[in-house]
Amino acid sequence: MGAGAAAPLPAGSPPRRALPRAPAASLPFLPPPRPRLRIAAAGAHAARPRMLLAFVPPPQESPQDSAITRDINRTFPAHDYFKDTGGDGQDSLYKICKAYSVYDEEIGYCQGQSFLAAVLLLHMPEEQAFSVLVKIMFDYGLRELFKQNFEDLHCKFYQLERLMQEYIPDLYNHFLDISLEAHMYASQWFLTLFTAKFPLYMVFHIIDLLLCEGISVIFNVALGLLKTTKDDLLLTDFEGALKFFRVQLPKRYRSEENAKKLMELACNMKISQKKLKKYEKEYHTMREQQAQQEDPIERFERENRRLQEANMRLEQENDDLAHELVTSKIALRKDLDNAEEKADALNKELLMTKQKLIDAEEEKRRLEEESAQLKEMCRRELDKAESEIKKNSSIIGDYKQICSQLSERLEKQQTANKAEIEKIRQKVDDCEHCREFFNKEGRVKVASTAKDGSDEDTDEEKETLKNQLREMELELAQTKLQLVEAECKIQDLEHHLGLALNEVQAAKKTWFNRTISSIKTVTGVQGKETC
């Protein structure tokens, strides 16, 4: 049967509709796939009544129920949607696989179908995923690969080897030399449509291309894989090649850049349906010749050996999947333990941080109280200093006023004394008798001989004048002494005023510095806690 050819439906199924196909030349490297749009293109939205009835949980048990349950736990065990046993993902996947095994009684559930169903479930609800799975199995010929002892699958292997002989002959000859056949490495490519081993973003592109072009897209992708890894495969032996296909090849396409280059190469590769038909005809002709020439017993023995090899290979793949499942569960358990440890550590850090925050708030409150007390104390000291300054300023003003008054009084007294002295001098100058006893400067002349004719009134007047002069000089001396004392007191008060101003200024600076230091300390503590 040709690639992508429609297979007959089971008895009782309604006729299916033809799928419109896009020309191969119009398929560049596709953007991220949109399976919901492909549903309409595939006609899966017009679900058959029997298909919908099959999807309803059937009353009877599926013959492959144990195999389905076993494979469900091995399907994408590291994916968040499917990793939980009994979770929504595994439950939906089980329902789809079981419904298909009841729907398609001839094929039933086949190993690897769970991966294809899981890929569809990641993009659409259960009913649509089941409808598209049925569409791919029937209308795209995927179920033909499982029929008649995998006869059509071996035809696909022959077609792939003939394409290798044409496109990559050096690798084809190398595989002949190491006795590596296509069924040893390409079984999962055809049976699971690359969904079992390769990254999902690459699988989505492949499924999208398959829904547009048919099952022949598998040849494009397979040849692209072999071409891009040819240099590595030419260096391997039989065991090394099998290990490369099983381990290293899927890892290489975990890089989206490598996957993009592969899909570009696959889309640009031209594989005609005519050529595939030719190879299919060659295969059937070869099989007929072998059947005619070969002894039935030998044919059965060879078929038995081939089935044993396939069984061993499938068991090895099962072991690999089981190992991958166990490894994934161990890794998940380890990650969960690490996450729990980190959560405990973070909780402890959170509690410590909360305690530090409480301590910091208490310290902040204490510092605010101290700051308020310091502010109040500084305010009182400042008020006291200002009152002292005002008091000292008032005293200084009073002293200055007194000194000014004393100075004015002294000046007036001096002026009066000068005027009085000038009057006395004038009187002395006017008196003939007095003129003889005083000189022009007002000093008493020393008489060489006393006059006998001096009378008592003149002596008394002299004595009176001398006494007055002596009193005036004494009063002048006392006034000068008071003036000096007042100036000394003024200087002393000015000195005290300067000291008081310095103390007030120092108090202001000390309070301001303490306040600034307290604010910086509190801000620094809060900043560290925030970091």
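Residues numbered from 1 in each chain as written. Predicted model: local features only at pLDDT ≥ 70, side-chain atom pairs only at ≥ 80, totals over all residues. Heavy atoms only, no water.

Q: Could you clarify how one ought to interpret the overall build of the chain in this entry?
A: Of the regular secondary structure elements, the chain holds 18 helices and zero strands. Within the span of the chain, comprising 531 residues, buried residues form 37% of the whole. Pairs at least 24 apart in sequence give 78% of the contacts found in the chain among residues at least 6 apart. Surface exposure of the chain reaches about 32,100 Å², of which carbon and sulfur atoms provide 54%. (Helix = DSSP H or I, 4+ residues; strand = E, 2+ residues; numbered from the N terminus. Buried < 20%, exposed > 50% of the residue type's maximum accessible area, 1.4 Å probe, protein only. Contact = heavy atoms within 4.5 Å. Areas by Shrake-Rupley, 256 points an atom, 1.4 Å probe, with all protein chains shown as cover.)

Q: What am I meant to see in unusual backbone geometry here?
A: Excluding glycine, a negative phi dihedral is what most residues carry, and trans is how most peptide bonds are arranged. Despite not being glycine, phenylalanine 76 has its phi angle at roughly 45 degrees, a positive value. Residue placement: phenylalanine 76 occurs in the loop between helix H3 (65-72) and helix H4 (88-103). A residue is classified by how much of its surface remains accessible, and phenylalanine 76, at 11% relative accessible area, is buried. A positive phi angle, close to 65 degrees, is found at phenylalanine 194, a residue other than glycine. Residue position: phenylalanine 194 is located in the loop between helix H9 (187-191) and helix H10 (200-213).

Q: I would appreciate a short explanation of the pattern of salt bridges in the present structure.
A: As a working rule, side chains carrying opposite charge can pair if their charged atoms are close by. Within this structure, the stated rule accounts for 21 salt bridges. One salt bridge connects glutamate 370 with arginine 366, and the closest N-O pair in it is separated by 2.5 Å. Linking glutamate 370 with arginine 366, this pair stays in helix H16 (residues 296-430), spanning four residues, or about one helical turn. Among the residues examined, glutamate 370 registers a relative accessible area of 34% and is labelled partly exposed. Relative accessible area serves as the criterion here: at 35%, arginine 366 is assigned to the partly exposed category. (Salt bridge = Lys/Arg side-chain N within 4 Å of Asp/Glu carboxyl O.)

Q: Would you explain the side chain of glutamate 151 in this entry?
A: Secondary-structure assignment places glutamate 151 in helix H7 (residues 151-167). Here the side chain of glutamate 151 touches tyrosine 283 through a polar contact of 2.9 Å, side chain to side chain. Contacts of glutamate 151, omitting those with residues within four sequence positions, involve Tyr283 and Arg287. (Polar contact = N/O pair within 3.5 Å; in protein donor to acceptor, adjacent residues only side chain to side chain.)

Q: How should the packing of H10 against helix H11 (residues 217-228) be read in this particular structure?
A: Geometry of a packed helix pair, given as the angle between the helix axes and the separation of the axes. For the pair H10 and H11, interaxial distance at closest approach is 9 Å and the crossing angle is 140 degrees. If you check the angle between H10 and H11, you find them oblique. When H10 is examined against H11, the residues Met202, Ile206, Leu209, Leu210 and Glu213 are found in contact with a partner set consisting of Val217, Val221 and Leu225. (Axes fitted to C-alpha atoms, helices over the stretch in contact; angles between N-to-C directions. Parallel < 35°, antiparallel > 145°, perpendicular 65-115°, else oblique.)

Q: Looking at this model, I keep getting lost on the packing of aromatic side chains. Mind explaining?
A: When we look at a pair of aromatic rings, we describe it by the centre distance and by the angle of the planes. For the coordinates displayed, the defined rule picks out 19 aromatic pairs. With a centroid separation of 5.7 Å and an interplanar angle of 65 degrees, the aromatic rings of tyrosine 185 and tryptophan 189 are classed as edge-to-face. Tryptophan 189 shares its class with tyrosine 185; the two are buried. For the ring pair phenylalanine 244 and phenylalanine 245, a centre distance of 6.3 Å and an interplane angle of 80 degrees mean the geometry is edge-to-face. Each member of the pair, phenylalanine 244 together with phenylalanine 245, is buried. (Phe/Tyr/Trp six-rings, centres within 6.5 Å; stacked < 30°, edge-to-face > 60°.)

Q: It is not clear to me how the side chain of glutamine 159 should be interpreted in this structure. Could you clarify?
A: Checked against the element boundaries, glutamine 159 lands in helix H7. Leaving out residues up to four positions away in the same chain, glutamine 159 has contacts with Phe219, Leu276, Tyr279 and Glu280.

Q: Where do I start with helix H14 (residues 256-268) in this structure?
A: With 13 residues, H14 ought to run about 18 Å at 1.5 Å a step, and its terminal C-alpha atoms sit 18 Å apart, in line with that. Buried residues of H14: Ala259, Leu262, Met263, Ala266 and Cys267, and no others. Viewed end-on, H14 has its buried residues packed into an arc of 130 degrees, placing them on one side of the element. (Expected span 1.5 Å × (residues − 1). Arc of directions from axis to C-beta.)

Q: For this particular structure, what's the right way to read the nonpolar core?
A: Nonpolar side chains tend to gather and get buried jointly when the protein is soluble and globular. Core analysis: the biggest nonpolar cluster contains 92 residues, and Phe175, Tyr185, Trp189, Phe190, Leu225 and Leu226 have the highest contact counts within it. In terms of residues, this core owes the most to one element, H10, which gives nine residues. Ala385, Ile396, Leu497 and Val504 belong to the second-largest nonpolar core, a separate cluster that totals six residues. (Core = buried A, V, L, I, M, F, W, Y, C linked by side-chain atoms within 4.5 Å.)

Q: Help me out: how do you make sense of the environment of tyrosine 172 in this one?
A: Structurally, the position occupied by tyrosine 172 is in helix H8 (residues 169-177). Sequence-wise, tyrosine 172 and leucine 234 are 62 residues apart; in three dimensions their C-alpha atoms are separated by 9.7 Å.

Q: Please explain helix H13 (residues 238-252) as it appears in this structure.
A: For an α-helix, the turn length of 3.6 residues means that residues three or four places apart are oriented alike. Taking 1.5 Å of rise per residue, 15 residues should cover 21 Å, and H13 covers 20 Å from first to last C-alpha, within 8% of that figure. At phenylalanine 244, H13 shows its maximal bend, which comes to roughly 45 degrees. Within H13, the full set of buried residues consists of Ala241, Phe244, Phe245, Leu249 and Pro250. (Bend = angle between axes of the 7 residues up to and from the residue.)

Q: When you look at the environment of phenylalanine 138 in this model, what are you seeing that I'm missing?
A: Among the structural elements, phenylalanine 138 can be located in helix H6 (residues 126-139). On the basis of relative accessibility, which here comes to 0%, the residue phenylalanine 138 falls in the buried class. Each C-alpha atom, one on phenylalanine 138 and one on aspartate 104, is 9.6 Å from the other, the two residues being 34 residues apart in sequence.

Q: What should I look at first to understand the packing of H7 against helix H15 (residues 273-293) in this one?
A: Taken N-terminus to C-terminus, the directions of H7 and H15 make an angle of 120 degrees; their axes are 9 Å apart at the nearest point. In terms of orientation, H7 lies oblique with respect to H15. For the crossing formed where H7 meets H15, the hand is right-handed. In this structure, H7 contributes Glu151, His154, Cys155, Tyr158, Gln159, Arg162, Leu163, Glu166 and Tyr167 to the contact, and H15 contributes Lys275, Leu276, Tyr279, Glu280, Glu282, Tyr283, Met286 and Arg287. (Left-handed = near helix turned anticlockwise from the far one by under 90°.)

Q: So what exactly am I meant to see when it comes to the confidence of the model for the chain here?
A: Predicted coordinates in regions of low pLDDT should not be interpreted in detail. The predicted model of the chain has a mean per-residue pLDDT of 78, with 79% of residues at 70 or higher. Counted against residues more than four places away or in other chains, residues 1-33, with its pLDDT under 50, gives 79 contacts. pLDDT under 50 marks residues 447-453. Its contacts with residues more than four places away, or in other chains, come to one contact. (pLDDT = per-residue confidence, 0-100.)

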